[in-house]
Amino acid sequence: MSFGHIFAGLLLKLKPKKLNIMPFGLAVTFESYGYRKLVETKKILIAFAGPLTNILISIITLFIHIDENLKRTIIYSNILVAFFNLIPIYPLDGGRILKGFIKLKYKNNMVADLVVNKISNILAIALTAISSILILYLKNISIFLVIVYLWIIVIKENKRFDLKKKVNDIILEQNGL
């Protein structure tokens, strides 16, 4: 949930630059820092703020006196969005968190990109297999739509990663490394 990302960014003294509407929420980019110049810890905190906001909304809803069906729907949908966004597939929040921790450990963008890309692909394949069984068992088309969305972002990220790797290889070759 982007309100959590925005709030975290504001607490970290960043200015929101751009909001993008995505199928499962909003994406925020912060001004002048661009994600590249942010300290990795800040990136991790901003990424985690979205799912944390969904979980907090669910907890707060427990104590609000509203129709029980509406209460269950709000709680269930927020928990579902939080867990979905915590899947470690880049560019979901979970993927951003994973990438941040890998960058903290290895201090290398290409290593982090490579590891996150491989994990994203493996998880997409595993979730497709699991979802195929669930679709047959639950007869729920929304599971199929979620998997299609995951594959769209994984394929898009694979293309971005391949291009970044080619550029990195050219730079290394130019520098004789």
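Structure: above.
Residues numbered from 1 in each chain as written. Predicted model: local features only at pLDDT ≥ 70, side-chain atom pairs only at ≥ 80, totals over all residues. Heavy atoms only, no water.

Residue proline 91 is bonded to the preceding tyrosine 90 through a cis peptide linkage, with omega at 20°. Within the secondary structure layout, proline 91 lies in the loop between helix H4 (68-85) and helix H5 (93-106). A positive phi is found at lysine 13, a non-glycine position, where the angle reads about 65°. Position of lysine 13 relative to the elements: it lies in the loop between helix H1 (2-11) and strand E1 (16-22). (Helix = DSSP H or I, 4+ residues; strand = E, 2+ residues; numbered from the N terminus.)

Our next topic: the packing of helix H6 (residues 109-138) against helix H7 (residues 141-174). The contact between H6 and H7 brings their axes to 10 Å, and the two run at 160°. Classified by the angle between their axes, H6 and H7 sit roughly antiparallel to one another. In the packing of H6 onto H7, the handedness of the crossing is left-handed. For the contact of H6 with H7, the residue count by class is 15 nonpolar, eight polar and five charged. (Axes fitted to C-alpha atoms, helices over the stretch in contact; angles between N-to-C directions. Parallel < 35°, antiparallel > 145°, perpendicular 65-115°, else oblique. Left-handed = near helix turned anticlockwise from the far one by under 90°. Nonpolar A, V, L, I, M, F, W, Y, C, P; charged D, E, K, R; others polar.)

Moving on to H4. With 18 residues, H4 should reach 26 Å at 1.5 Å per residue; the first-to-last C-alpha distance of 26 Å fits that figure. In this fold, the buried residues of H4 make contact with helix H3 (40-62), H5 and H7. By the N-cap criterion, in which a side-chain oxygen at the helix start approaches the backbone nitrogen of a residue two or three places on, H4 is capped by aspartate 67, the distance to asparagine 69 being 3.2 Å. (Expected span 1.5 Å × (residues − 1). Contact = heavy atoms within 4.5 Å. Polar contact = N/O pair within 3.5 Å; in protein donor to acceptor, adjacent residues only side chain to side chain.)

Our focus in this paragraph is the packing of H3 against H4. Helix-helix packing is described using two parameters, namely the angle between the two axes and the distance between the axes. Running from N to C, H3 and H4 cross one another at 160°; their axes reach a closest spacing of 8 Å. Our classification of the angle between H3 and H4 gives roughly antiparallel. Regarding H3 and H4, the two cross each other, and that crossing is left-handed. Judged by residue contacts, Pro51, Asn54, Ile55, Ile57, Ser58, Thr61 and Leu62 of H3 engage Lys71, Ile74, Ile75, Asn78, Ile79, Val81, Ala82 and Asn85 from H4. Grouping the constituent residues of the contact of H3 with H4 by class yields nine nonpolar, five polar and one charged.

One pass over the full model with this rule turns up seven salt bridges. A salt bridge links lysine 43 to glutamate 40, with the nearest nitrogen and oxygen atoms 3.1 Å apart. On the criterion of helical spacing, the pair formed by lysine 43 and glutamate 40 is a turn pair, its members being three residues apart in helix H3. Accessibility classification places lysine 43 together with glutamate 40 in one group, the buried group. Between aspartate 113 and lysine 164 there is a salt bridge whose closest N-O contact spans 2.5 Å. (Salt bridge = Lys/Arg side-chain N within 4 Å of Asp/Glu carboxyl O. Buried < 20%, exposed > 50% of the residue type's maximum accessible area, 1.4 Å probe, protein only.)

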